[in-house]
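The lines below spell out each chain.
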Amino acid sequence: MNQKLLIIDDDAVLISTLKRAMERRGLTVSTAVNGASAIEHLQQGKHDFATLDLKLEKESGLTILEQILAVQADLKVVVLTGYASIPSTVEAIKRGAQDYLCKPASGDDIFAALTGNKTTEVEIAAKPLSVDRVEWEHIQRVMSEHDGNISATARALGMHRRTLQRKLQKHPTNNN
């Protein structure tokens, strides 16, 4: 039996890479870049699985999650995000997601989450990230959310623009 996967994401590179990886694992793959397109695919034919980006360009993946499950209640959805947080994880699971993975996730991890064959082992780093490294990664994530706009990023972080510029001039610290 050929199982069908719907990839819902607005990142063309991720779509292409994930599509190839899942086709190699025997899935028939279709893609959508927004909620309307995803619903259209589901109305045209039953799918077994879906991956859903939590933050699409102009839409919330949580809203789309509810919409696609209203069309096909038995769809197994794995939410993928580069902006993971405990509240968004809990909310996605409450709204019907089967699993929640942080990007970048390997094809094996995504396939295991889709099919329910995830291992329960969690790899813990021998040495946790330094506070400086965590700060650097958070700044980069917020900067990405604001399309590289330093003023908007500084406002979102609650810091002066010049302070942010000084922090950005520093290279990311190592993992210690």
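Every value quoted in this text rests on a predicted model; they were computed, and no experiment measured them.

The subject of this paragraph is the pairing of strand β2 (residues 28–32). Bridging between strand β1 (residues 4–8) and β2 involves five bridges; their strand directions are parallel. The residue of β2 that forms the bridge with Lys4 is Thr28. Between β1 and its parallel partner β2, the chain crosses via helix α1 (residues 12–24), and the hand of that crossover is right-handed.

With that settled, the discussion passes to a negative patch on the surface. A surface patch of negative charge is lined by Asp10, Asp11, Glu57 and Asp147. Residue placement: Glu57 occurs in the loop between β3 (49–53) and α3 (61–71). Residue Glu57 is classed as exposed on the basis of its relative accessible area, which comes to 67%.

Between helix α6 (residues 131–145) and helix α7 (residues 150–157), whose axes approach to 9 Å, the crossing angle comes to 120 degrees. With respect to their mutual orientation, α6 and α7 come out oblique. The hand of the α6/α7 crossing is right-handed. Of the residues in α7, those in contact with His138, Ile139, Val142 and Met143 of α6 are Ile150, Thr153, Ala156 and Leu157.

All right, on to the nonpolar core then. Counting 21 residues, the largest nonpolar core has Leu6, Ile8, Ile68, Leu75 and Val77 as its most contacted members. When contributions to this core are tallied by element, the ones reaching two or more residues are β1, α2 (35–44), β3, α3 and β4 (76–81). Element by element, the count of residues in this core is highest for α3, at five residues. Not counting chain neighbours up to four residues away, the residues in contact with Leu6 comprise Ser30, Thr31, Ala32, Ala38, His41, Leu42, His47, Phe49, Ala50 and Thr51.

The end-to-end C-alpha distance of α6 is 21 Å, a good match for the 21 Å that 15 residues give at a rise of 1.5 Å each. Buried within α6 we find Trp136, Ile139, Val142 and Met143. An end-on view of α6 places all buried positions within 130 degrees of arc, on one side of the element. Looking at the packing, one finds that the buried side of α6 touches α7 and α8 (161–169). Phi turns positive one or two residues past the end of α6, at Asp147, with a value near 50 degrees.

Attention now moves to the sheet that holds β3. Taken in spatial order, the five strands make up an open sheet running β2-β1-β3-β4-β5, and their pairing is parallel. The outermost strands of the open sheet, each flanked by one partner alone, are β2 and β5 (99–102). Put simply, the sheet's adjacent strands are angled 20 degrees from each other on average, direction ignored. Pairing of β1 with β3 involves four bridges; the strand directions are parallel. Its bridge partner being in β3, Ile8 is matched across the sheet by Leu52. Running over the sheet, α1 touches β1, β2, β3 and β4 and is turned about 165 degrees from β2.

When pLDDT is averaged along the protein chain, the result is 84, and 89% of the positions lie at 70 or above. No element of the protein chain has a lower mean pLDDT than α6, at 78, and none a higher one than β1, at 93.

The end-to-end C-alpha distance of α1 is 18 Å, a good match for the 18 Å that 13 residues give at a rise of 1.5 Å each. Among all positions in α1, only Ile15, Leu18, Ala21 and Met22 are buried. Burial along α1 is one-sided: seen end-on, the buried residues are contained in an arc of 140 degrees. In α1, the exposed residues that point more than 90 degrees away from the buried face are Ala12, Val13 and Arg24. Where α1 is buried, its residues contact β1, β2, β3, β4 and α5 (107–115). Looking one or two residues past α1, Gly26 carries a phi angle of roughly 95 degrees, positive in sign.

Basis of the calculations
- Residues numbered from 1 in each chain as written.
- Predicted model: local features only at pLDDT ≥ 70, side-chain atom pairs only at ≥ 80, totals over all residues.
- Heavy atoms only, no water.
- Pairing = 2+ DSSP bridges.
- Helix = DSSP H or I, 4+ residues; strand = E, 2+ residues; numbered from the N terminus.
- Right-handed = clockwise from strand over helix to strand, strands pointing away.
- Patch = residues over 30% accessible without salt bridge, like charges linked within 9 Å, V, L, I, M, F, W, Y side chains within 5 Å.
- Areas by Shrake-Rupley, 256 points an atom, 1.4 Å probe, with all protein chains shown as cover.
- Salt bridge = Lys/Arg side-chain N within 4 Å of Asp/Glu carboxyl O.
- Lys, Arg positive; Asp, Glu negative; His and termini not counted.
- Charge placed at Lys NZ, Arg CZ, Asp CG, Glu CD.
- Buried < 20%, exposed > 50% of the residue type's maximum accessible area, 1.4 Å probe, protein only.
- Axes fitted to C-alpha atoms, helices over the stretch in contact; angles between N-to-C directions.
- Parallel < 35°, antiparallel > 145°, perpendicular 65-115°, else oblique.
- Left-handed = near helix turned anticlockwise from the far one by under 90°.
- Contact = heavy atoms within 4.5 Å.
- Core = buried A, V, L, I, M, F, W, Y, C linked by side-chain atoms within 4.5 Å.
- Expected span 1.5 Å × (residues − 1).
- Arc of directions from axis to C-beta.
- pLDDT = per-residue confidence, 0-100.

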